[in-house]
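Examining the three-dimensional arrangement
For reference, the chains in residue letters:
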Amino acid sequence: MTQAAPYTEFEPLTLGPNSRVFVLTGAGLSAESGLATFRDAAGLWEGHAVEDVASPEGWARDPELVWHFYSERREQLLSVAPNAAHLAFTAQEALMGERLYLCTQNVDDLQERAGAQRVVHMHGELVKSRCERCSRPPVRDLGSYHSLAVIPRCACSARMRPHICWFGEVPYFMNEIDEELSRCDVFISVGTSGVVYPAAQFVRQAKRRAGVRAVYIGPEKPENGGAFDECRIGVATAVLPGLFASAPQVAPAP
């Protein structure tokens, strides 16, 4: 049965020497840094209908509006800093290496700015742009966003677009994510609503493996809270620094 209680009622997590931890983070984590979430309760993204600024159709209809929208989001991102929860995950990554898999629904770079080396952005990255036509990899793009009206061009002459997974598009790295979900023995979700798919199904996917412990962390129980073993109710900046009991050590080679 799922337990939903203040985080202070739970013991820190103790990991084994070979534990593999899958972490899924959502908008609630970045909100604690002061970064406004895109979508509000009315389903609007900063006052815009989703289909206007976060869909391939919106891009085709009015690319200047879409570029301007993400330019403003970029400006906002530059005004905030990583918080204690980002730093806690970075510290844990330093201890566990590749056995800690950091997957985020967030498009900001706060986790990287906190020092994390292995962050998987399933919904893309606000600090990058990519060609709308050719297969050139995304590029880090800070300067061009400051020119709100001019959309830059790729070397192939097509427009560059925000490197964001829009509604109707397939999230990135799904094969890699599926593999990691099948290998983890601890699943941690932080600041997610439990309503956005496919991420909302990750906890059930991880729990298909016998013995997997699933823990949710956030200010309130998420929509998919019944799938977790524990819902530790509290803000991430308070919960994360003391989440793990001790530094897990890598098992010696046989």
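Keep in mind the model is a prediction, meaning the values are calculated, not measured.

Of regular secondary structure, the protein possesses nine helices and twelve strands. Taking the contacts inside the protein whose residues are at least 6 apart along the sequence as the reference set, 69% of them involve residues at least 24 apart. Accessible surface for the protein amounts to roughly 11800 Å². Of this, 53% is attributable to carbon and sulfur atoms.

It is worth spelling out the nonpolar core at this point. Ranked by internal contacts, the top residues of the largest apolar core, which has 23 residues, are Val 21, Ile 188, Val 190, Ile 217 and Leu 240. When contributions to this core are tallied by element, the ones reaching two or more residues are β2 (21-25), α5 (84-96), β5 (100-104), β10 (186-190), β11 (213-218) and α9 (236-239). Counting residues per element, this core draws most heavily on α5, at four residues. If we ignore the near neighbours within four places in the chain, the residues touching Val 190 are Leu 24, Thr 25, Gly 26, Leu 29, Phe 89, Ile 217, Ala 236 and Leu 240.

What follows deals with α5. The first and last C-alpha atoms of α5 sit 18 Å apart over 13 residues, in line with the 18 Å expected at 1.5 Å per residue. Of the residues making up α5, those classed as buried are Ala 85, His 86, Ala 88, Phe 89, Thr 90, Gln 92, Glu 93 and Met 96. As for α5, its buried residues are in contact with β2, α1 (27-31), β5, α6 (110-113), β10 and α9. For α5, the N-terminal capping position is held by Asn 83, with its side-chain oxygen 2.9 Å away from the main-chain nitrogen of Ala 85. Of the residues flanking the end of α5, it is Gly 97, one or two places downstream, whose phi is positive at about 65 degrees.

The next thing to look at is the sheet that holds strand β9 (residues 160-164). Read across the open sheet, the three strands follow the order β8-β7-β9; overall the sheet is antiparallel. Each having just a single partner strand, β8 (139-140) and β9 make up the two edges of the open sheet. Of the strand pairs in this sheet, strand β7 (residues 124-131) and β9 are connected by four bridges, and their pairing is antiparallel. Along β9, the bridge assignment pairs Arg 130 with Arg 161.

Attention shifts here to the packing of aromatic side chains. Within the structure shown, the criterion is met by eight aromatic pairs. Look at Tyr 70 and Trp 166: their rings are 6.4 Å apart centre to centre, the planes differ by 35 degrees, and that puts the pair in the tilted class. Placement of Tyr 70 in helix α4 (residues 63-77) and of Trp 166 in the loop between β9 and α7 (174-181) is noted, with a sequence separation of 96 residues between them. Judged by centre distance (6.1 Å) and plane angle (40 degrees), the ring pair of Phe 187 and Phe 228 falls under tilted. Linking Phe 187 in strand β10 with Phe 228 in the loop between β11 and β12 (230-233), this pair joins segments that are 41 residues apart in sequence. One exposure class covers both Phe 187 and Phe 228, and it is buried. Feature note: the residues Phe 22, Tyr 101, Phe 187, Phe 202, Tyr 216 and Phe 228 constitute an aromatic cluster, connected by ring pairs. The ring of Phe 69 is capped by Arg 73, whose NZ or CZ atom sits 4.6 Å from the centre of that ring. For Arg 161, the ring lying beneath its charged end belongs to Trp 166, and the centroid distance is 3.8 Å.

In this structure, Val 23 sits in strand β2. Residues Val 23 and Cys 184, spaced 161 residues apart in sequence, show a C-alpha to C-alpha distance of 9.7 Å. Residues contacting Val 23, with those up to four places away along its chain left out, are Phe 89, Leu 100, Tyr 101, Leu 102, Cys 103 and Ile 188.

What counts, and at which threshold
- Residues numbered from 1 in each chain as written.
- Predicted model: local features only at pLDDT ≥ 70, side-chain atom pairs only at ≥ 80, totals over all residues.
- Heavy atoms only, no water.
- Helix = DSSP H or I, 4+ residues; strand = E, 2+ residues; numbered from the N terminus.
- Contact = heavy atoms within 4.5 Å.
- Areas by Shrake-Rupley, 256 points an atom, 1.4 Å probe, with all protein chains shown as cover.
- Core = buried A, V, L, I, M, F, W, Y, C linked by side-chain atoms within 4.5 Å.
- Buried < 20%, exposed > 50% of the residue type's maximum accessible area, 1.4 Å probe, protein only.
- Expected span 1.5 Å × (residues − 1).
- Polar contact = N/O pair within 3.5 Å; in protein donor to acceptor, adjacent residues only side chain to side chain.
- Pairing = 2+ DSSP bridges.
- Phe/Tyr/Trp six-rings, centres within 6.5 Å; stacked < 30°, edge-to-face > 60°.
- Lys NZ or Arg CZ within 6 Å of the ring centre and 35° of its normal.

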